[in-house]
Protein chains: 2
Amino acid sequence: MAMIKKPVTGMKDILPAEMAVRTYVTEVIRKTYAEFGFSSIETPVVEHIENLLSKQGGENEKLIFKILKRGEKLRLDAAESEDDLADSGLRYDLTLPLSRYYANHMSELPSPFKALQIGPVFRADRPQRGRFRQFTQCDIDILGDPSYISEIELILATTTALSRLDFKNFTIRINDRKILKNMAKKAGFAETDNEKVFIILDKMDKIGWDGVRKELLENFPEETVDAYLAQFAENEDPAALMEGSDLPTIIAAVDAVRTADFKVKFDPTLVRGMGYYTGPIFEIAMDEFGGSVGGGGRYDEMIGKFTGQPTPAVGFSIGFERIIMLLLERGFKVPDAKEKVAFLIEKKIPGEKLTEVFKAAEEERKAGRAVLISVMKKNKKFQKDQLQAEGYTEIREIFAR
Amino acid sequence: MAMIKKPVTGMKDILPAEMAVRTYVTEVIRKTYAEFGFSSIETPVVEHIENLLSKQGGENEKLIFKILKRGEKLRLDAAESEDDLADSGLRYDLTLPLSRYYANHMSELPSPFKALQIGPVFRADRPQRGRFRQFTQCDIDILGDPSYISEIELILATTTALSRLDFKNFTIRINDRKILKNMAKKAGFAETDNEKVFIILDKMDKIGWDGVRKELLENFPEETVDAYLAQFAENEDPAALMEGSDLPTIIAAVDAVRTADFKVKFDPTLVRGMGYYTGPIFEIAMDEFGGSVGGGGRYDEMIGKFTGQPTPAVGFSIGFERIIMLLLERGFKVPDAKEKVAFLIEKKIPGEKLTEVFKAAEEERKAGRAVLISVMKKNKKFQKDQLQAEGYTEIREIFAR
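Note that the coordinates shown come from a computational prediction; the quantities given were computed from them, not determined experimentally.

Reading the values: rules and limits
Residues numbered from 1 in each chain as written. Chains lettered and ligands numbered in written order. Predicted model: local features only at pLDDT ≥ 70, side-chain atom pairs only at ≥ 80, totals over all residues. Heavy atoms only, no water. Salt bridge = Lys/Arg side-chain N within 4 Å of Asp/Glu carboxyl O. Helix = DSSP H or I, 4+ residues; strand = E, 2+ residues; numbered from the N terminus. Buried < 20%, exposed > 50% of the residue type's maximum accessible area, 1.4 Å probe, protein only. Axes fitted to C-alpha atoms, helices over the stretch in contact; angles between N-to-C directions. Parallel < 35°, antiparallel > 145°, perpendicular 65-115°, else oblique. Contact = heavy atoms within 4.5 Å. Nonpolar A, V, L, I, M, F, W, Y, C, P; charged D, E, K, R; others polar. Pairing = 2+ DSSP bridges. Buried area = accessible area lost by both parts, 1.4 Å probe. Polar contact = N/O pair within 3.5 Å; in protein donor to acceptor, adjacent residues only side chain to side chain. Phe/Tyr/Trp six-rings, centres within 6.5 Å; stacked < 30°, edge-to-face > 60°.

**What to know about the pattern of salt bridges**
Pairing is possible between side chains that carry opposite charge, provided their charged atoms lie close to one another.
Residue and element names in this part refer to chain B.
Argument step 1. Counted under the stated rule, the structure contains 58 salt bridges over all chains.
Argument step 2. Notably, a salt bridge pairs Glu 151 with Arg 298, separated by 2.7 Å at the nearest N-O pair. One end of the pair, Glu 151, is in helix α4 (residues 149-164); the other, Arg 298, is in strand β10 (residues 289-298), with 147 residues separating them in the sequence.
Argument step 3. With relative accessibility at 1%, the residue Glu 151 sits in the buried group.
Argument step 4. Between Lys 381 and Asp 385 there is a salt bridge whose closest N-O contact spans 2.9 Å.

See below:
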């Protein structure tokens, strides 16, 4: 069989320059969240097929990479569908494994439990520019606390991490599933129509007010639609819309405490796709990037499906891949990177001199520099150009005599 | 379908205490190798089935988790064996993906290329204590340099990383495939018998001299066997055995330069299983752990199978999971961990006071402490005990009035 050089379809090799940024971002995020009392955890990349197909993942369940059963369990002759062939698959997000993890280890974990997960997830999406079938997610979650203090913590921690990565002037859009529902109810929609209404409202960014109104009118009476949309009008009092929700307290606290450069803004049109949210929801909007670069919300009903007992939960996910893309696009350089020195040594240098070279390199490292030792190539000019392009600011040539 | 709480067979959830150690070790390793000029890279977890089954992986190829084809490509009715069902699988090591990566990106990479990879690999081994089906490997490799300078660099960098993790008094055992072959030839073995001879010699740790001799005698004439074993006798001159090899230079340089507390020792009985090694081979032996906690060697013939042109290569793999196990066993505490303060606040605290609490937390963070804010639970004593167990050295209680 011939060897294949390209990665598998839709997956990506990460080159050193990008990897340096990814490593740096990961460390900043980890350190920031640790300061806010979040503990890093890890779950396996492989998950039970039963859990993956338990209807928690919506559309993502159609995109699962399934793993073949092994040994005697694989009965090809008796298999009627692909479900008979697979007993596990690659996780499509980090929330489902977190729920399983919490159910499995509840007695060993503090309450509330503040978790940080950074790791690869997999979706067999149609490959397209900037979207990959393996990508990194970065989630923080607080499990076991029903109070809005958790929402405030998530927003403060995440915005602190983003500001340490030099993101400024972004907006946290915030809404509450309860407000969404109240507004629909007040307009006269039946509760059973809520999902349909919210799916249309969620298209605001793409099709605008007129598009939303038109699509609503295709499904609902004009009177209801207009009563609904009137509530979003700019002269409407946001305080009245937020009545009975924790949002005013959350917004006031974040506004009073924040040190980073961002706005937090009530946005009654924010829906967020995932059906499992039950309370406040939020999203990060950045001007330099059209869409959202992260988001989350409260999902008080998911963990209970694993544990059998209701467990309040709220999470915030940073769009790791988008953050990396934005940093690379603006030519981000990892700060505090060490000065880099290269020692080019002539081949067949005598042993004694070689020892001196290694000792000199050790001294440089002690002085805080990174040192690469390399044999001089025939095309020395090309080699030196390459080293300079990689950030080596000093190149020392050492000859046999 | 019922949700399953346990991880899939043979895989592992990582709890916060272990994860803190893993994160720390990863950072120490990354920083150390960066100082030696290694660049971090990443390859996808999923690899082409053709590459995985290309006979580079020896026994590991029997342990591959295979991934089901998707959509129209999956033709269950026409499938005759499991090979018709899978077009990819989970990587079983990091060396094979590195070879593919290098072949794919050669023109964008410096020469020589010094790579660091830390990531999960997968083997469907029979589950047993301390051995998991997903585990982390940590490899450094130098591609494109035929000189022994690379071997010296790998050993110095790896021992520096280990010593920064507080490992002392360990031994780097070193040998050379060429010496192994010379000794077999000198004793009178046919070259075609080499593999068989080395497999038996490799059992030295387990069955001792007498066991090795006995097993050799079952396969080869006494005269040859005794001529062979006589060369390993203690009064034999190691310099004579190492003649024509680079080992004396490598050992002398490492010995002269090393700052860490370890020995480097020529060991003519060292074999290392993998068939692909072509030159010097090495292994880390630690008294506190019976077996090897890492190893590597030169494999000049593997990359060429991807690239079509011979590319010298040498690598060193730290036994990441063993290192973590040893650190956990000796009760390792992550150094420089921040002081941790917990704020327990009474539920329904008024908004103004809440803001004060968050501001106070921010001040603590600025002063270098990690702060967890949590709602006071009914069973406050249990909550406080739990926080203390997690390393919170100060617990501040804040009441509504």
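**Quick look at the packing of helix α5 (residues 177-187) of chain B against helix α6 (residues 194-201) of chain B**
Residues and elements named next belong to chain B.
Argument step 1. For the pair α5 and α6, interaxial distance at closest approach is 11 Å and the crossing angle is 110°. It follows from the interaxial angle that α5 and α6 lie roughly perpendicular. Here Leu 180, Lys 181 and Ala 184 of α5 lie close against α6, whose contacting residues are Asn 194, Phe 198 and Leu 201.
Argument step 2. Within the contact of α5 with α6, the residues separate by chemical class into 4 nonpolar, 1 polar and 1 charged.

**Observations concerning the sheet that holds strand β12 (residues 340-345) of chain A**
Residue and element names in this part refer to chain A.
Argument step 1. If you trace the 3 strands from one edge of the open sheet to the other, you get β13-β12-β14, paired in parallel fashion. This sheet does not close on itself; its edge strands, each paired only once, are β13 (370-375) and β14 (392-398). Recorded for the sheet is a direction-independent mean angle of 20° between the axes of neighbouring strands.
Argument step 2. Taken together, the 6 bridges between β12 and β13 define a ladder with parallel strand orientation. Across the sheet, residue Leu 344 finds its bridge partner in β13, namely Ser 374.
Argument step 3. Strands β12, β13 and β14 of the sheet are contacted by helix α14 (residues 380-389), whose axis makes an angle of about 150° with β14.

**Concerning unusual backbone geometry**
Residue and element names in this part refer to chain A.
Argument step 1. The linkage connecting Ser 111 with the following residue, Pro 112, adopts the cis geometry, with an omega of -5°.
Argument step 2. Inspection of the secondary structure assignment puts Pro 112 in the loop between α3 (95-105) and β5 (113-122).
Argument step 3. Here the phi dihedral of Asp 166 falls at roughly 75°; this positive angle occurs in a residue that is not glycine.
Argument step 4. Structurally, Asp 166 can be placed in the loop between α4 (149-164) and β7 (170-176).
Argument step 5. Positive phi outside glycine occurs at Asn 169, with the angle close to 60°.
Argument step 6. Position of Asn 169 relative to the elements: it lies in the loop between α4 and β7.
Argument step 7. Residue class for Asn 169 comes out partly exposed when judged on its relative accessible area of 44%.

**Quick word on the interface of chain A and chain B**
Argument step 1. Each side of the interface is counted separately: chain A has 106 residues, and chain B has 107 residues.
Argument step 2. Across the interface of chain A and chain B, roughly 9500 Å² is buried in total on both sides, 62% from carbon and sulfur atoms.
Argument step 3. If you look at where chain A meets chain B, you find 8 salt bridges.
Argument step 4. The closest approach of N and O atoms between Glu35(A) and Lys338(B), which form a salt bridge, is 3.4 Å.
Argument step 5. Our count for the chain A to chain B interface comes out at 43 residue pairs in polar contact (both at pLDDT 80 or more).
Argument step 6. Residue contributions to the side of chain A that touches chain B peak at 8 residues, all from helix α1 (residues 16-35) of chain A.

**Structural notes on the packing of aromatic side chains**
Residues and elements named next belong to chain B.
Argument step 1. Scanning the model with the defined rule gives 24 aromatic pairs over all chains in all.
Argument step 2. Taking 6.5 Å as the distance between ring centres and 15° as the angle between the ring planes, the aromatic pair formed by Tyr 101 and Phe 113 counts as stacked. Of this pair, Tyr 101 sits in helix α3 (residues 95-105) while Phe 113 sits in strand β5 (residues 113-122); the two residues are 12 residues apart in sequence, bridging distant segments of the chain. Pair check on accessibility: Tyr 101 and Phe 113 agree, each one buried.

**Details of the environment of Lys333(B)**
Argument step 1. Along the polypeptide, Lys333(B) turns up in the loop between α12 (320-329) and β12 (340-345).
Argument step 2. Residues Lys333(B) and Ala20(B) lie 313 residues apart in sequence; the distance between their C-alpha atoms is 9.0 Å.

**With respect to the pairing of β10(B)**
All names here are of chain B.
Argument step 1. Judged by how many residues are buried, β10 sits mostly within the fold: 8 of 10 residues are covered.
Argument step 2. Linking strand β9 (residues 280-286) to β10, which pair antiparallel, is a turn of 2 residues.
Argument step 3. Two strands pair when backbone bridges link them, and β10 and strand β11 (residues 313-318) are joined in this way by 5 bridges, in the antiparallel orientation. Along β11, the bridge assignment pairs Arg 298 with Val 314.

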